[in-house]
Amino acid sequence: MTKKIAFIGLGNMGNPMAANLVKAGHEVRGFDLLADNLATATENGVTVAESAIKAIEGAAIIITMLPAGKHVLSVYHEIAPKAGSGVLMIDCSTIDVDSAREAHETAARHGLMSVDAPVSGGTGGASAGTLTFMAGGKVEAFAMAEPVLKPMAGRVVHCGDVGAGQAAKICNNMILGISMIGVSEAFVLAEKLGLSHQALFDVASTASGQCWSLTTYCPVPGPVPASPANRNYKPGFAGALMLKDLNLSQEAARSAGASTPLGAHAAELYAQFNEQGGADTDFSGIVNFLRGDAA
Ligand code: NAD
C-alpha cells in the first residue's frame, strides 16, 4: 500500500534507499543539508522539501539516515514535537546504543512509534535493495516498519526491544574487524614462512580457520576474485567506517561494563591504519599495514 514517507539524510546510503521506496510506489518527501544530494534525490523521484519540518508534513513514516548519534538526536528533537501521534520513526543510521535509546524515548514522549534499524550491505546493497536491516523496537512498531523496509532489503531481522538493532550491528562489526585482522595476520605470517596465499586459503577455507573475512572478503589478491584486494583495495567498506563501528562497540562496552580486549585492540590498529592513509581504502587493506607496507 502506498505510504507517505519522509526521508531525512539523503547521502551515499539514503539516496539509493529513498529511490527504492519511490520505485515501490511510495510517496517520498526528502530533506538533506547538501544541495547536490537534494538534486540527486529529485532525479530519483523524491519530492524535495526545504526543511526537515516541511518534509515530515503529512507523513505516516519518517526515516532518518544520518552520520552519527548527535545528528539523529538533533533531528529527532526538532521533528518529534511536530509529527502527529501514531507516526512511525525509523532510524537506519549506525549510531551508539545510548543515543538510539534516547531517540526512542524522545519519540515515545511525543506519542510516536519508533524502530532503530541500522543496515549492513553498503552502498551496493542500498542501490540493489538488498540491505540487511537489524531492527530494535516494540513488536507493534516492528510490524509496521517491516513492510516499509522490504523494498530496500534482502533481509529484515527483529533483534529485540529498543536499541537491539544497533547492538546487533556493532557486535557483528566488532567480529568483522577482529576477524579481518586475524585473517590478515595469518597471511602475513604465511608469507614469512614461505607458504603461498592460495595454499593457506585452500586449507583454512575448509578448515577451522574458515570465516567470512577469509572466504568472501579475502584480504590478499587471488583466492577470492571479487574481494577488494583484487581492485587495489577500492572500497567496499572503508577503513574510516570500520573504525567508526569499532569505536561504537568500545563505547557500548564501556557503558555496559563488558570486557572486549580484542575489540579494543582492533580499534587501535584501525586508528593507526587510517592515520597511515587507510581511511578511504577498503578496511581489508589492513593486511598491508600489518605487513609494514604503505596503505
Ligand atoms: P553520508 O555522509 O553520505 O550521508 C549522511 C547525510 O546526512 C549527508 O548527506 C548529510 O548532509 C546529511 N545530514 C547531516 N545532518 C543532517 C541534518 N540535520 N538534516 C538533514 N540531513 C543531514 O553517509 P552515508 O554513507 O549515507 O551513511 C549514513 C549512515 O549509514 C551512517 O550512520 C553510516 O555509518 C551508515 N552506514 C553506511 C554504510 C556505507 O557503506 N556508506 C554502510 C552501512 C551503514
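Conventions and cut-offs
- Per-chain numbering applies: the sequence of each chain, read as written, is numbered from 1 onward.
- Residue-level local features of this predicted model are given only where pLDDT is at least 70; pairs of side-chain atoms are given and counted only at 80 or more, and the full residue set underlies all totals for whole chains, interfaces and linings.
- With hydrogens and water set aside, each side-chain value is computed from the structure's full complement of heavy atoms.
- We call a residue near a given molecule or strand whenever any one of its heavy atoms falls within 4 Å of it.
- Think of a polar contact as two N or O atoms within 3.5 Å of one another; within protein, one of them needs to be a possible hydrogen donor and the other a possible acceptor, and neighboring residues in sequence only count if both atoms come from side chains.
- What sets the accessible areas is the Shrake-Rupley method with a 1.4 Å probe; for residues, cover comes only from the shown protein chains.
- Elements are defined by DSSP. Helices are runs of H or I of four residues or more, strands are runs of E of two residues or more, and each kind is numbered from the N terminus.
- Here the term charged refers only to Asp, Glu, Lys and Arg, the term nonpolar to Ala, Val, Leu, Ile, Met, Phe, Trp, Tyr, Cys and Pro, and the term polar to all other amino acids, Gly among them.
- In this document the domain limits rely on a domain assignment from an automatic tool or a database.
- Here, strands pair whenever DSSP counts at least two bridges between them.
- Handedness of a crossover is defined as follows: with both strands directed away from the viewer, a clockwise route from the first strand across the helix to the second makes it right-handed.
- A pairing counts as a salt bridge when a side-chain nitrogen of Lys or Arg comes within 4 Å of a carboxyl oxygen of Asp or Glu.
- Burial classification: accessible surface area is computed with a 1.4 Å probe over protein chains only, and a residue below 20% of its type maximum counts as buried, one above 50% as exposed, and the rest as partly exposed.
- A simple way to read buried area is as the amount of 1.4 Å-probe accessible surface that goes missing from two parts once joined, with both sides added.
- Here Asp and Glu are counted as negative and Lys and Arg as positive; His is not counted, and neither are the chain ends.
- Any pair of residues with heavy atoms lying within 4.5 Å of one another is described as a contacting pair.

Student: Explain the site of the ligand to me, please; I cannot follow it from the model alone.
Tutor: Taken together, 23 residues lie near the ligand, and N12, M13, D32, N37 and K244 sit nearest. N12 places a polar main-chain atom, nitrogen or oxygen, 2.9 Å from an oxygen atom of the ligand. Protein burial of the ligand: of its 830 Å² of free accessible surface, 86% is covered by the chains. Contributions of two or more residues to the shell around the ligand are made by α4 (69–79), α6 (122–128) and α11 (239–256). Its residues assigned to classes, the shell around the ligand shows 11 nonpolar, nine polar and three charged. Taken together, domain 1 (4–162) and domain 2 (167–291) each give at least three residues to the shell around the ligand, which thus spans both.

Student: Explain the pairing of strand β9 (residues 153–160) here, please?
Tutor: On any regular strand, side chains alternate: one points to one face of the sheet, the next to the other face. Strand direction decides the pairing type here: strand β8 (residues 131–136) and β9, joined by six bridges, are parallel. Paired with F133 across the bridge in β9 is V156. Where the polypeptide runs from β8 across helix α7 (residues 139–149) and back to β9, its parallel neighbour, the crossover connection is right-handed.

Student: Just to check I follow, could you spell out the pattern of salt bridges for this structure?
Tutor: It is possible for side chains bearing opposite charge to pair when their charged atoms get close. Taken as a whole and judged by the stated rule, the model has five salt bridges. In this structure, K150 and E146 form a salt bridge, with 3.8 Å as the shortest nitrogen-oxygen distance. Under the relative-accessibility criterion, E146 is labelled partly exposed at 26%. One salt bridge in this structure joins D293 and R291, with 3.0 Å as the shortest N-O distance. Note on D293: relative accessible area 36%, which makes it partly exposed. Residue classification places R291 among the partly exposed residues on the basis of a relative accessible area of 29%.

Student: What is the right way to read the domain arrangement of the protein from this model?
Tutor: How large an interface is tends to be reported as the accessible area lost when its parts come together. Domain assignment breaks the protein into domain 1 (4–162) and domain 2 (167–291). Once you take the C-alpha centre of each, domain 1 and domain 2 turn out to be 29 Å apart. Of the roughly 790 Å² buried where domain 1 meets domain 2, counting both sides, 63% is carbon and sulfur surface. On inspection of domain 1 and its partner domain 2, the count reaches zero salt bridges. Viewed at the interface, domain 2 and domain 1 are joined by four residue pairs in polar contact (both at pLDDT 80 or more). Those elements that provide at least two residues to the side of domain 1 that touches domain 2 are α5 (97–109) and β7 (119–120). For the side of domain 1 that touches domain 2, the class distribution of residues is seven nonpolar, two polar and two charged.

Student: What is the right way to read the side chain of D282 from this model?
Tutor: Following the sequence through the fold, D282 ends up in the loop between α12 (261–278) and α13 (286–291). Although D282 lies buried, it forms no salt bridge, and the closest oppositely charged side chain, R231, sits 5.6 Å away as judged by the N-O distance. Setting aside its immediate chain neighbours within four residues, D282 contacts Y217, P228, Y233, K234, P235, G236, F237, A238, G239 and F273.

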